[in-house]
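# Residue-level structural notes
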Amino acid sequence: MCAISSSRNLSEAYGQAEYVRKTYRNSFSDQIVADIYGNAEQITKHVLTNKGRHRIGFDQIIDNLVTSKWFGYPLMILLLVGVFWITIEGANIPSGLLASVLFAFQDQLTLWFQWLGAPDWVHGVLVLGVYRTLAWVVAVMLPPMAIFFPLFTLLEDSGYLPRIAFNLDHIFKKAKACGKQSLTMCMGFGCNAAGVTSCRIIDSPRERLIAILTNNFVPCNGRFPTLIAITSIFIGGAIASYSGIINALVISGIILLGIAVTLTVSWLLSMTILKGEPSSLVLELPSYRRPKIGAVIYRSVIDRTLFVLRRAIIIAAPAGAVIWILANVYIGELSILSTVAHALNPLGKLIGLDGFILMAFILGLPANEIVLPILIMSYLSTGSLQDFSSLEELRNVLVSNGWTWLTAVNVMLFSLLHWPCATTLLTTYKETGSKKWAFLSFLIPTLIGFSACFILTQVVRLFGLA
Amino acid sequence: MKNAERINSLSDLSLGSACQIVSLELSGLLRRRILDLGIVPGTLIRSIRRGPSGDPTAYLVRGTLIALRSEDASQILVKKLSNGEECV
């Protein structure tokens, strides 16, 4: 009896508590928060003297420019082109230098292996496989990263990035997404896995999922050295003077295309499987600061450049060995590599690529950094060209394997619009907690990539342009 | 005097002018976010600038710039300051 009555009392009390909570609704909690802030205000008045006046004036002047109706967008595009121009121009010479030093050392390694009397296959796996792939990854990846990451960290540290979200929010709102998605896209330039993680800053679960599923449409650091290399060879190289600025414009154009795809896909998702209206935006616009040079160098070199390079090397080394073995083990007339590439060739040709390119993208699933090195390795191991020492000779390798300007454009398109790397997929799975979303984040870009390349190729061929 | 007490929504605040928060008609997560930022009844708030297309507006609250969409700002009620009150 006693137990029953006490439990009835309990439920009565609970009912009363609910009633009180509902009648007072938010006013009670508001009062608590207001009191806390009131107290804090009193304390700060006592202990702080206001020195921030002129800072606010300084912020105002910069904000008037970077968020203005007329200069806001052009300035953003100018910054984008500027960052890539500096990256491309700056990376050009060190890349060539690194390539010649590293490939010269390869010849030295070969001599040592011969002196040791190592069997041919050991030399093949370790020098022609592992070392050559590593040399490629370092020569192609390191210089652009070592320039791009400090520039990006400078922008991040200065407080400019939230202004991008402020400027672009209304466009994202039209796509029924969140303006903060532009910040997660900025992180995606560094690494898509980091970009996916950064989607935590978006409060609404629906908008966060949209940002996660579309982050891959921003080319990450593993992809834009590939984009830069191919642009430099096929587009900038064709117009000798001003090639640097033309390359920067092409890369920026590709990124703008990626942004357009992001917005379109965000909108489509909002209309279909992630139905909903745009929710709220609360965005802090911090004061501009003078970036701390030491912190910028540390964060960009140690945290980012070396971190990404290390990941690329860890994946590239075994990949190099595997590629060499695949290229040198024969089934009948053809090596395994060629057999697979030939099987993929019809599909590749259909979308303006070839079997080797498609295979390089598939083998590049662990990390996009190794797509171009794998491709070159595959071409070299089958073609007549066996050795070359500079980046310029890359053009000859590609052209002798049947590349046209259309192939180059398709490779860039497919690089921008294809499945995310394994790390990004895994991060997506962790962040969403669902295999379904991880699979969709694979499926959506893949379908778009195949369709985009297919349509472009068929249209160009129809008009007989290539 | 009556006129000074008129209650408006924050989204109607003209650029550059300041006012005082009366109440928040928001709910859920957004309400908590706004409270956490110190936008509570009684706080002074000044509208500073609009985005290039005119939508998110940046407000100065307690020395911090915070951007809100007009849909959200319209659910925050404010009153005009009577003359002589301190500026934000």
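Counting of residues starts from 1 at the beginning of each chain's written sequence and follows it residue by residue. Here chains are named by letter from A upward and ligands by number from 1 upward, in the order in which they appear as written. Given that this is a predicted model, residues contribute local features only at a pLDDT of at least 70 and side-chain atom pairs are listed and counted only at 80 or more, while totals for whole chains, interfaces and linings are drawn from all residues. To obtain the side-chain values, all non-hydrogen atoms of the structure were used and water was disregarded.

The name that an unreviewed UniProt entry assigns to chain B is Ferrous iron transport protein A, with the source organism given as Desulfosporosinus hippei DSM 8344.

Chain A is annotated in an unreviewed UniProt entry as Ferrous iron transport protein B from Desulfosporosinus hippei DSM 8344.

A few words now on the layout of surface pockets. All names here are of chain A. Put simply, the grid is 1 Å and covers the protein atoms alone, a cavity is a trapped set of points that fit a 1.4 Å probe, a pocket is an open set with protein on both sides within 12 Å along at least five of seven lines, and lining residues have an atom within 4 Å of a point. Grid points are joined across faces, edges and corners, and a volume is the space filled by probe spheres set on the points. Counted as a void, the second largest pocket has a volume near 590 Å³. Around the second largest pocket sit 28 residues that line it, and Met76, Leu80, Ile164, Phe189 and Ile259 are the ones nearest its centre. In this text, helices come from DSSP runs of H or I with a minimum length of four residues, and strands from runs of E with a minimum of two, each type numbered from the N-terminal end. Mapped onto the lining of the second largest pocket, the elements with two or more residues apiece are helix 4 (72-116), helix 5 (120-158), helix 6 (161-174), helix 7 (181-190) and helix 11 (243-271). At seven residues, helix 4 tops the list of elements feeding residues into the lining of the second largest pocket.

What follows covers the UniProt feature "domain: Nucleoside transporter/FeoB GTPase Gate" (unreviewed entry) in chain A. UniProt positions are given in the numbering used here, feature names are shortened, and annotations may be inferred rather than shown by experiment. Feature annotation in UniProt assigns "domain: Nucleoside transporter/FeoB GTPase Gate" (unreviewed entry) to the following positions: residues 140-233 and 310-435 of chain A. Secondary structure content for residues 140-233 of chain A is 74% helix and 0% strand, while the C-alpha to C-alpha distance between its ends is 13 Å.

Let us look at the pattern of salt bridges. Salt bridge, as used here: a side-chain nitrogen of Lys or Arg that lies within 4 Å of a carboxyl oxygen of Asp or Glu. Applying the stated criterion across every chain yields a total of twelve salt bridges over all chains. The partner of Arg49(B) in a salt bridge is Asp63(A), with the nearest N and O atoms 3.9 Å apart. Of this pair, Arg49(B) sits in strand 3 (residues 44-50) while Asp63(A) sits in helix 3 (residues 53-66), which puts the two residues in different chains. The pair Arg49(B) / Asp63(A) is uniform in exposure class, with both members buried. The shortest N-O distance in the salt bridge between Asp157(A) and Arg299(A) comes to 3.4 Å. On the criterion of sequence distance, the pair formed by Asp157(A) in helix 5 and Arg299(A) in helix 12 (residues 293-328) is long-range, its members being 142 residues apart. Residues participating in the shared-partner salt-bridge network are Glu156(A), Asp157(A), Arg299(A) and Arg304(A). Partly exposed residues are those whose accessible area sits between 20% and 50% of the maximum for their type, while under 20% is buried and over 50% is exposed, using a 1.4 Å probe and protein chains only.

This part takes up the UniProt feature "transmembrane region" (unreviewed entry) in chain A. All names here are of chain A. UniProt's feature table lists "transmembrane region" (unreviewed entry) at residues 70-88, 135-155, 224-242, 248-269, 312-331, 351-376, 397-417 and 437-460, given in the numbering used throughout. For residues 135-155, helix accounts for 100% and strand for 0%, while the C-alpha atoms at its two ends are 31 Å apart. Each end of residues 397-417 is marked by a C-alpha atom, and these two atoms are 25 Å apart; helix forms 76% of the span and strand 0%.

What follows covers the nonpolar core. Nonpolar core, defined: a set of buried Ala, Val, Leu, Ile, Met, Phe, Trp, Tyr and Cys residues in which side-chain atoms within 4.5 Å join the residues together. If you look at the biggest cluster of nonpolar residues, it comprises 122 residues, and the most contacted ones within it are Phe84(A) and Trp403(A). Broken down by element, the residue count for this core peaks at 16 residues, all from helix 5 of chain A. Contacts are assigned to residue pairs with any non-hydrogen atoms lying within 4.5 Å of each other. Among residues more than four places away in sequence, those in contact with Trp403(A) are Ile230(A), Phe234(A), Asp354(A), Ile357(A), Leu375(A), Tyr379(A), Leu398(A), Ala408(A) and Val411(A). By size, the runner-up hydrophobic cluster in this structure holds 23 residues, among which are Cys19(B), Leu26(B), Leu35(B) and Leu68(B).

Once that is clear, we can look at the interface of chain A and chain B. With 34 residues of chain A at the interface, the matching set in chain B holds 33 residues. Put simply, chain A and chain B have six salt bridges between them. Ionic pairing is found between Glu41(A) and Arg62(B), a salt bridge with its closest N-O pair at 3.1 Å. Think of a polar contact as two N or O atoms within 3.5 Å of one another; within protein, one of them needs to be a possible hydrogen donor and the other a possible acceptor, and neighboring residues in sequence only count if both atoms come from side chains. Our enumeration of links across chain A and chain B arrives at 14 residue pairs in polar contact (both at pLDDT 80 or more). Going through the elements one at a time, helix 2 (27-47), helix 3, helix 6 and strand 1 (282-285) of chain A are the ones with two or more residues in the side of chain A that touches chain B. When its residues are assigned to classes, the side of chain A that touches chain B shows twelve nonpolar, ten polar and twelve charged. Examined bridge by bridge, strand 1 of chain A and strand 5 (residues 64-68) of chain B share four bridges and lie antiparallel to one another. Its bridge partner being in strand 5 of chain B, Leu283(A) is matched across the sheet by Ala67(B). Under the convention adopted here, Pro, Cys and the residues Ala, Val, Leu, Ile, Met, Phe, Trp and Tyr are nonpolar, Asp, Glu, Lys and Arg are charged, and Gly plus all remaining residues are polar. Two strands qualify as a pair provided that DSSP identifies no fewer than 2 bridges between them.

A few words now on helix 19 (residues 435-462) of chain A. Residue and element names in this part refer to chain A. Here helix 19 contains 28 residues, and its C-alpha end-to-end distance of 40 Å stays within 8% of the 40 Å for a straight helix at 1.5 Å per residue. Inspection of helix 19 places Trp437, Ala438, Leu440, Ser441, Ile444, Pro445, Thr446, Gly449, Cys453, Thr457 and Val460 among the buried residues, and these make up the whole buried set. For helix 19, the elements touching its buried residues are helix 9 (205-214), helix 11, helix 13 (336-350), helix 17 (405-416) and helix 18 (422-432). The backbone nitrogen of Lys436 lies 3.2 Å from a side-chain oxygen of the residue at the head of helix 19, namely Ser434. Any helix carries an expected span of 1.5 Å times its number of residues minus one.

Turning our attention to the UniProt feature "domain: Ferrous iron transporter FeoA-like" (unreviewed entry) in chain B. Taking the numbering used here, the UniProt-annotated feature "domain: Ferrous iron transporter FeoA-like" (unreviewed entry) corresponds to residues 8-80 of chain B. The distance separating the terminal C-alpha atoms of residues 8-80 of chain B is 8 Å; by composition the span is 18% helix and 42% strand.

Relative placement of two packed helices is described by the angle separating their axes and the distance separating the axes. Residues and elements named next belong to chain A. What counts as an axis is a line fitted to C-alpha atoms, over the stretch in contact for a helix, and the angles between N-to-C directions run from 0 to 180 degrees. At their nearest, the axes of helix 14 (residues 355-363) and helix 17 sit 12 Å apart, and the two run at 20° to each other. One way to sum up the angle between helix 14 and helix 17 is to call them roughly parallel. When the axes of helix 14 and helix 17 are compared, the crossing they make is right-handed. Contacts between helix 14 and helix 17 involve Ile357, Leu358 and Phe361 from the former and Thr407, Val411, Phe414 and Ser415 from the latter. Here the residues of the contact of helix 14 with helix 17 are counted per class, giving five nonpolar, two polar and no charged. With respect to orientation, any angle under 35 degrees is reported as roughly parallel, any angle over 145 as roughly antiparallel, any angle of 65 to 115 as roughly perpendicular, and every other angle as oblique. Crossing handedness is defined as follows: a turn of the near helix away from the far one that is anticlockwise and smaller than a right angle gives a left-handed crossing, while the clockwise case is right-handed.

As a further point, take unusual backbone geometry. Its identity is not glycine, yet Lys176(A) carries a phi of approximately 60°, on the positive side. Mapped onto the elements of the fold, Lys176(A) is located in the loop between helix 6 and helix 7. Unusually for a residue other than glycine, Arg62(B) sits at a positive phi of about 50°. Of note, Arg62(B) is situated in the loop between strand 4 (57-61) and strand 5.

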